[in-house]
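# Coordinate inspection notes
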Amino acid sequence: MKIVLISFFRSANLGDLLIARTLADALELHGATTRLSYSSSPLHSSDIESMGADFTPVNASVWRSVLRRWASRLGLDPLLRRARTHPAINPWRDDPEVARCIGDADLVVIGGGNLIFDVDPWTRSWEFFDSALNAARGRGIPVIGMCLGIGPFATDEQNLNAVRSLEKCAAVSFRDRRSLELYRRYSSAGNAHLSVDPVFTMPLVVGGAGERGVIGVNFVDMRLAGAGPWVAMKNRRRYCELIAAILRRFTNDIVLFSTDLNDYPLLFDIDRRVSSPRCRVAKVDGRHSLLTLYASFDVVVAARMHALITSYAQLIPVVGLAWQSKVREFFDIVEDDSSVFECDNLPAEIPNILEKIHQKIEARHEERREMTIRRKAIEERFLVNHELVASVQL
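The following refers to the structure shown.

Criteria and thresholds
- Numbering of residues starts from 1 in every chain and runs along the sequence as written.
- This being a predicted model, a pLDDT of at least 70 is required before a residue's local features are given, and a value of 80 or more before pairs of side-chain atoms are given or counted; all residues contribute to the totals for chains, interfaces and linings.
- Excluded from the side-chain calculations are hydrogens and water; all other atoms, namely the structure's heavy atoms, are used.
- DSSP-based pairing: two strands are paired if at least 2 bridges between them are found.
- Under the scheme used here, helices are H or I runs from DSSP no shorter than 4 residues and strands are E runs no shorter than 2 residues, and both carry numbers assigned from the N terminus.
- Axis geometry follows a simple rule: fit a line to the C-alpha atoms, using only the stretch in contact for helices, then measure angles between N-to-C directions, giving values from 0 to 180 degrees.
- By the convention used here, residues are in contact when the closest approach between their heavy atoms is within 4.5 Å.
- Here a pair means two rings of Phe, Tyr or Trp (six-membered ring of Trp) with centres within 6.5 Å. Their orientation is stacked below 30 degrees between planes, edge-to-face above 60, and tilted elsewhere.
- Between buried and exposed lies partly exposed: a residue is buried under 20% and exposed over 50% of the maximum accessible area for its type, with that area taken using a 1.4 Å probe on protein chains only.
- Placement of a positive charge over a ring is assigned whenever Lys NZ or Arg CZ falls within 6 Å of the ring centre and within 35 degrees of the normal to the ring plane.
- If an angle is under 35 degrees, it is roughly parallel; if it is over 145, roughly antiparallel; if it lies from 65 to 115, roughly perpendicular; otherwise it is oblique.
- For this classification, Asp, Glu, Lys and Arg are treated as charged, while Ala, Val, Leu, Ile, Met, Phe, Trp, Tyr, Cys and Pro are nonpolar and the rest, including Gly, are polar.

### Let's talk about the sheet that holds strand β3 (residues 107-118)
Within the open sheet, the 6 strands sit side by side as β2-β1-β3-β4-β5-β6. Their pairing is parallel. The sheet terminates laterally at β2 (32-37) and β6 (192-194), the two strands that pair on one side only. Mean inter-strand twist for the sheet, computed between neighbouring axes without regard to direction, equals 25 degrees. Sheet topology places strand β4 (residues 143-153) next to strand β5 (residues 171-174); 3 bridges connect them, and they run parallel. Pairing of G145 across the sheet is with V172, part of β5. In the packing of helix α1 (residues 14-27) onto the sheet, the strands contacted are β1 (2-7), β2, β3 and β4, and the crossing angle to β1 comes to about 170 degrees. Packed onto the sheet, helix α4 (residues 96-103) meets β1, β2 and β3 and runs at close to 150 degrees relative to β2.

### Considerations on the packing of aromatic side chains
For the structure on display, the rule yields 13 aromatic pairs. Measuring from ring centre to ring centre gives 5.3 Å for F174 and Y183, while their planes differ by 45 degrees; the resulting arrangement is tilted. Look at Y183 and you get buried, because its relative accessible area is 0%. Grouped by ring-pair contacts, the aromatic residues F8, Y38, W92 and F128 constitute a single cluster. Taking NZ or CZ as reference, K283 lies 5.4 Å from the ring centre of Y264, over its face.

### Regarding the packing of helix α11 (residues 305-313) against helix α14 (residues 364-393)
Interaxial distance between α11 and α14 falls to 10 Å at its minimum, and their mutual angle equals 110 degrees. Of the possible angle classes, the one that applies to α11 and α14 is roughly perpendicular. On α14, the residues that touch S311, Y312 and A313 of α11 are M371, R374, R375 and I378. Looking at the contact of α11 with α14, its residues break down into 4 nonpolar, 1 polar and 2 charged.

### Looking at the sheet that holds strand β7 (residues 214-218)
Strands sit in the order β9-β8-β7-β10-β11-β12 across an open sheet of 6 strands; the sheet is parallel. In the strand order of this sheet, the two ends are held by β9 (279-281) and β12 (340-342), each with one partner. If you compare each strand with its neighbour and ignore which way they point, the axes differ by 20 degrees on average. Packing against the sheet, helix α13 (residues 346-362) makes contact with β7, β10 (297-302), β11 (318-322) and β12, and its axis sits at approximately 165 degrees to β11.

Structure representation (structure tokens):
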């Protein structure tokens, strides 16, 4: 069986690359798998051990967001939408090499990560998904949407259009219950299944339950989510307060890190402001460097979902800082709702976060035993994806 997997193989976000790689490894069990990037350059991919070549400075992302908002206010939405269908930006229709890869396949899988979401009312993310989907369906090749996250959506129309695109798949699995509920809001089709994020199934490399002496802390630069400068400054101040409080309460060293390279300007700024010999920034630019770093952690306090999932997969206790619904969904999946705290309530929640860190460190042996049991149950929820592929083979 020949399979084409379209996923986030090109990204400066390690979480995206881990999703894509884990899905590819799973699909290889069913047949030779060709990898295409879910991007404007499907034939190009990032090195999962060295993401630096695809690094986009945060200021560039912020300015692109600002320019899109101003273009919308000036009534240029139709022009922007036409630009997104230009072959140089959206190659699924006209690139001959992409067409050859898809045309040779018995099955196309579009999978992993938040592929369809619209936080602004003028965006139409389902159109790009549709283009990749139709490239296969136009040749009579079945398509499975695998381990997808969808939403949030600014409007009901965006939610509806996303569902209409997904209904064209032979089958679709969702990585969390909220995404499945957004789908079922407008569809009663029996092709939808609940799964988990594939990164939960990555091999256990770190393991062990010895005392390591380091608390790993991960923050998100909210400018990447469209926050203005005043909100970004307020969050930076809150982050600094949390780091200072952890340093006062514990003797552990702190390592600031992220699975997204765009967060590092913020992390270096926090480190400079805290100015403690017990706090430093560790640059993560690939899978190996992340796992090597995790081997020194007693507990991970994180906002990035794949910093949390990778930690859990490696049996390292986690405390969450929720800034998106998907972070809360993670703690629902691992049945640990008491360990996640809202970023917006961070000043008031600092004492509770400190106490939770203390609990996790003190009970780390029992915690890891429980995580081992839960991880096995979570991995079993991924098996539905193998069943979906097998059903197409039949």
